[in-house]
Amino acid sequence: VCFIPGGLDCSISFVSHVLGKVCIQGRQKEILGVLVPHLTDLTKSDCIWQRICWRLVECVPDRWMEAVVLGFVQRAPGADALSRLLGSLVMKNKKAEFVVTQKMLLLQYGHTTAVLQNLLGYLSLDSLRRTLLLRVLQELLETWSSSSAVKHSPAEQQLYISKAILICLSHLKEPEIESCRQELLTSMMEGVKCHLDSSLPQLRRLGMVVAEAISLKINTEGPVLKFEYEDDDETKELKSLLEQTPSFCVVPSLPVDESEKAGAALPLVLESDKKSHRAAPVMPDEESDTELDSDDDLIPYDMSEDKELKIKAPMYIRDCIEVLTGSRPEDVDKWEATVKALEGLVRKNPAATREVSVELAKILLHLEEKTCIEGFVELRQKAQVAVLTTDPIPVAKYLTSQFYSLNYSLRQRMDILDVLVLAAQELSCPKFHGKTKHSGAQKPCIPLLPGSDRSKDWRRIVDERIKSKTRRFDMGQSRVELASHPNEFNSVAGYFFFPLIEHFDRPLTTFDLLGEDHLVLGRLVHTLAILMYLAVNTVAVTAMGKALLEFVWALRFHTDSYVRQGLLSCISSLLLSVPMERILADMTEELLETQSWLGDVMEKDPDGDCRRLALQNLLLMENLKKKLEAVPS
């Protein structure tokens, strides 16, 4: 930076043009990495240099303004430094206002949290710019509460907008909150609804965190919203953005003497907290003599030799049915023992189970927890799987028919899907009797994961299956010796699969898969993908593949990203399970259309997981074709 001697007047518009030209040509990092620190130091205590800096950015032509403003926002050490460097540029220049209030917040989402804090802190440090802060908050809340935006924008953008909203809320003052309280309440109600409707756990959690923050701001004295969710690093970061004060962004640019004062004040606060913590336990001791309980003089009974009475579980399946359907309150202990013992009893008595299998499946499907049994849901699910694997055909017919019946909750319908998947996995996996400790040759079984996390497991499974189809010429570890065992899922795969795919487009009074119940649709799609994968080498696999391809084609433009992920998993299962010869012979046209659709998804889908799955399917399709061409006819 050069100095002009003699107090002569000069124009810096030429420097502004040079700065803008350099930034737009891709050298923004090099020039501003040197210029911004120098100007930050010069403008700390010199108002003349502040005016020079304001003129420098104001004289940048509009066509280069975005690159310059973005560089200053990214490299400023704090919000107060940015305010000294830019002044009220956003109030004087429409292009700068658009970049700061629209493009960087609503059209882009790749900036760091520090950049957001700089940007929004800059708007909050001046009374004139605070009007822009309120307008930005209103527009962010409109986007956050739009169901269309939640469905069609990627999760990364939703997280970015949520961070910006929380930073804006941290800068609001009480009069400003009072003036827009009703708008905040309306946006909160609409936004939390469309976020909770999402099938993705991350978006549901974002909606809960932001709704809690808005409720805390508008209800300072009354009750506030409180959701139950598991705290992770993401939610902790979001909550920290709301708790911080607007001066947080000013800390890096404090002068040395002020920073020493701030550092010296901190131990005083901590020391006072320590004293208050030490003094707190004294209160109960002082009052202990005056507030004695009247029962303290009673002598307790000696219960050291008492033993807990063990309730004997029923020995027969029909006795279990009587206990589970009984309503006598004195049978609670026996009911608990029956629930715990039912799975083992079913597996030990397959003949007796087959006589009442459908009745027992009906009882378990409607069974509700009477007492607080640890792991009740898991115990009930294991018993259902045991019944289904013992008598697959009639029980599968019953469960698949009930999936589309009236008067069932969404939870029960998803329980049916989980039971079908676990039973199919058990029936299809061979029994291993290895003589060595290595289990590298074991077929990858699919663990059932809660909610939408099952799609993550699918990616691992597909990768393992692709690796298993790759020939490697080396001497590996000793493999497990597999005992010859039939695939029990072979003869019953159709009973699990076709009834589920048959009525998906028929809405019921309380159940609409193609409407608001898209969460269950996503679980159904992933279930069909798993069943297709487990049906490899079965007789019905080709027919299942054709039906699944038609199902995927009907839903390929679904707005929910979790459903689209499931559809792409279905394509992976089809390619891995159906022989490529049968695909080319029976589904040639459908395969070409699917390939074109996968290309569009890979290029245009807003969800990153969908794009990755589409690319993986295209590569898998190409590899299978090459292998088929390499086989001599």
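All values derive from a computational prediction rather than experimental measurement.

Undergrad: Is there a simple way to think about the overall build of the chain in this case?
TA: Helices and strands together make up the secondary structure of the chain, namely 31 helices and zero strands. Going through the 633 residues of the chain one by one, you find that 45% of them count as buried. As presented, the chain carries roughly 34,400 Å² of accessible surface, and 55% of it is formed by carbon and sulfur atoms.

Undergrad: I would appreciate a short explanation of the environment of Val100 in the present structure.
TA: Examined against the element boundaries, Val100 turns out to sit in helix α6 (residues 94–107). In this structure, the C-alpha to C-alpha distance between Val100 and Val90, residues ten residues apart in sequence, is 7.5 Å.

Undergrad: Would you mind showing me how to read the packing of aromatic side chains here?
TA: What describes a pair of aromatic rings is the distance from one ring centre to the other and the angle between the planes of the rings. Taken as a whole and assessed by the stated rule, the structure comprises five aromatic pairs. Judged by centre distance (5.3 Å) and plane angle (80°), the rings of Phe489 and Phe496 are edge-to-face. Of the two residues, Phe489 and Phe496, both sit in the buried class. Consider the rings of Phe504 and Phe551, whose centres lie 4.8 Å apart with planes at 80°: the pair is edge-to-face. Here Phe504 is found in the loop between α25 (493–502) and α26 (518–534), whereas its partner Phe551 is found in helix α27 (residues 541–555), with 47 residues between them in sequence. Its end group placed over the ring of Trp64, Arg63 keeps NZ or CZ at 4.4 Å from the ring centre. The positively charged end of Arg556 is found above the aromatic ring belonging to Trp553, 3.8 Å away from the centroid.

Undergrad: It is not clear to me how the confidence of the model for the chain should be interpreted in this structure. Could you clarify?
TA: A low pLDDT means the predicted coordinates there should not be read in detail. Considering every residue of the chain, the mean pLDDT works out to 80; 78% of them sit at 70 or more. Contacts for the low-pLDDT stretch residues 245–292, under 50 throughout, to residues beyond four places or in other chains number 17 contacts. In the model, residues 432–456 has pLDDT below 50 throughout and makes 57 contacts with residues more than four positions away in sequence or in other chains.

Undergrad: I'm lost on the pattern of salt bridges in this one. Help?
TA: Any two side chains of opposite charge can pair, given that their charged atoms come close. One pass over the full model with this rule turns up 26 salt bridges. Salt-bridge contacts for Arg130 lead to Glu176; the nearest nitrogen and oxygen are separated by 2.7 Å. In this pair, Arg130 is assigned in helix α8 (residues 130–144) and Glu176 in helix α11 (residues 174–179), connecting sequence segments 46 residues apart. In terms of burial, Arg130 and Glu176 fall into one category: buried. Residue Arg582 pairs with Asp586 through a salt bridge whose shortest N-O separation is 3.0 Å. Taken together, the residues Arg582 and Asp586, both in helix α29 (residues 580–586) and four residues apart, mark about one turn of the helix. Judged by its relative accessible area of 36%, Arg582 falls in the partly exposed class.

Undergrad: Any chance you could explain the environment of Cys610 here in plain terms?
TA: Its location among the elements puts Cys610 in helix α31 (residues 608–630). A relative accessible area of 0% means that Cys610 is categorised as buried. C-alpha of Cys610 to C-alpha of Ser569: the two residues are 41 residues apart in sequence and 9.5 Å apart in space. Every residue in contact with Cys610, bar those within four places of it in the chain, is listed here: Ser561, Arg564, Gln565, Leu568, Val601 and Asp605.

Undergrad: Is there a simple way to explain the nonpolar core in this structure?
TA: In globular proteins that are soluble, nonpolar side chains generally tend to be buried together. Counting residues in each nonpolar core, the largest one holds 93 residues, and the members touching the most others are Phe403, Phe489, Phe496 and Leu524. Ranked by residue count, the leading element in this core is α26, at eleven residues. When near neighbours in sequence (up to four residues on either side) are disregarded, Phe403 contacts Arg413, Ile416, Leu417, Leu500, Phe511, Leu513, Val520 and Leu524. The next biggest cluster of nonpolar side chains, apart from the first, holds 77 residues, and it includes Met65, Leu137, Leu172 and Tyr229.

Undergrad: Which parts of the structure should I look at to understand empty space enclosed by the protein?
TA: Picture a little ball the size of a water molecule; that probe, rolled over the atoms, points out where space is still empty. This structure, assessed with the given rule, holds one cavity of 30 Å³ or more. As a volume, the largest cavity reaches approximately 40 Å³. What lines the largest cavity is simply Leu549, Ile571, Leu574, Leu575, Leu591, Thr594 and Met621. Counting residues per element, the ones that place at least two in the lining of the largest cavity are α28 (561–577) and α30 (588–604). If you tally residues by element for the lining of the largest cavity, the top one is α28, at three residues. For the lining of the largest cavity, a count of residues per class yields six nonpolar, one polar and no charged.

Undergrad: Can you walk me through unusual backbone geometry in this structure?
TA: When glycine is set aside, most residues are seen to have a negative phi, and most peptide bonds are trans. Although it is not a glycine, Asn407 adopts a positive phi angle of roughly 65°. Take Asn407: it is sitting in the loop between α22 (392–403) and α23 (410–428). The phi dihedral of Asn537 falls on the positive side, at around 70°, and the residue is not glycine. Relative to the assigned elements, Asn537 resides in the loop between α26 and α27.

Undergrad: Explanation requested: a negative patch on the surface in the structure shown.
TA: A cluster of acidic side chains, namely Glu550, Glu589, Glu590 and Glu593, defines a negative patch on the protein surface. Counting residues per element, the negative patch draws most heavily on α30, which supplies three residues. Here Glu593 lies in helix α30. The exposure class assigned to Glu593 is partly exposed, which follows from its relative accessible area of 41%.

Undergrad: I would appreciate a short explanation of the environment of Glu58 in the present structure.
TA: For Glu58, the position within the fold is in helix α2 (residues 47–58). In the structure, Glu58 is positioned 30 residues away from Ser88 in sequence and 9.5 Å away in space, judged by C-alpha atoms. The contact partners of Glu58, leaving out residues within four places of it in the chain, are Met65, Leu89 and Lys92. In this structure the side chain of Glu58 is engaged in a polar contact, spanning 3.1 Å, whose partner is the side chain of Lys92.

Undergrad: I would appreciate a short explanation of α25 in the present structure.
TA: The α-helix winds at 3.6 residues per turn, so residues separated by three or four positions along the chain end up facing the same way. Every buried residue of α25 is accounted for by Ala493, Phe496, Phe497, Leu500 and Ile501. Buried positions in α25, seen along its axis, are confined to an arc of 95° and lie on one side of it. If you follow the buried residues of α25, they end up packed against α21 (376–390), α22, α23, α26 and α27.

Undergrad: Would you explain α6 in this entry?
TA: The end-to-end C-alpha distance of α6 is 17 Å, clearly below the 20 Å that 14 residues give at a rise of 1.5 Å each. Every buried residue of α6 is accounted for by Ala96, Glu97, Val99, Val100, Thr101, Met104, Leu105 and Leu106. Looking at the buried positions of α6, the neighbouring elements they touch are α3 (62–75), α5 (89–92), α7 (113–124), α8 and α10 (155–171). Two to three positions downstream of the cap, the backbone nitrogen of Lys95 sits 2.9 Å from a side-chain oxygen, assigning the N-cap of α6 to Asn93.

What counts and what doesn't
- Residues numbered from 1 in each chain as written.
- Predicted model: local features only at pLDDT ≥ 70, side-chain atom pairs only at ≥ 80, totals over all residues.
- Heavy atoms only, no water.
- Helix = DSSP H or I, 4+ residues; strand = E, 2+ residues; numbered from the N terminus.
- Buried < 20%, exposed > 50% of the residue type's maximum accessible area, 1.4 Å probe, protein only.
- Areas by Shrake-Rupley, 256 points an atom, 1.4 Å probe, with all protein chains shown as cover.
- Phe/Tyr/Trp six-rings, centres within 6.5 Å; stacked < 30°, edge-to-face > 60°.
- Lys NZ or Arg CZ within 6 Å of the ring centre and 35° of its normal.
- pLDDT = per-residue confidence, 0-100.
- Contact = heavy atoms within 4.5 Å.
- Salt bridge = Lys/Arg side-chain N within 4 Å of Asp/Glu carboxyl O.
- Core = buried A, V, L, I, M, F, W, Y, C linked by side-chain atoms within 4.5 Å.
- 1 Å grid on protein atoms, 1.4 Å probe; cavity = no way out; pocket = protein on both sides within 12 Å on 5 of 7 lines; lining within 4 Å.
- Points joined across faces, edges and corners; volume = space filled by probe spheres on them.
- Nonpolar A, V, L, I, M, F, W, Y, C, P; charged D, E, K, R; others polar.
- Patch = residues over 30% accessible without salt bridge, like charges linked within 9 Å, V, L, I, M, F, W, Y side chains within 5 Å.
- Lys, Arg positive; Asp, Glu negative; His and termini not counted.
- Charge placed at Lys NZ, Arg CZ, Asp CG, Glu CD.
- Polar contact = N/O pair within 3.5 Å; in protein donor to acceptor, adjacent residues only side chain to side chain.
- Arc of directions from axis to C-beta.
- Expected span 1.5 Å × (residues − 1).

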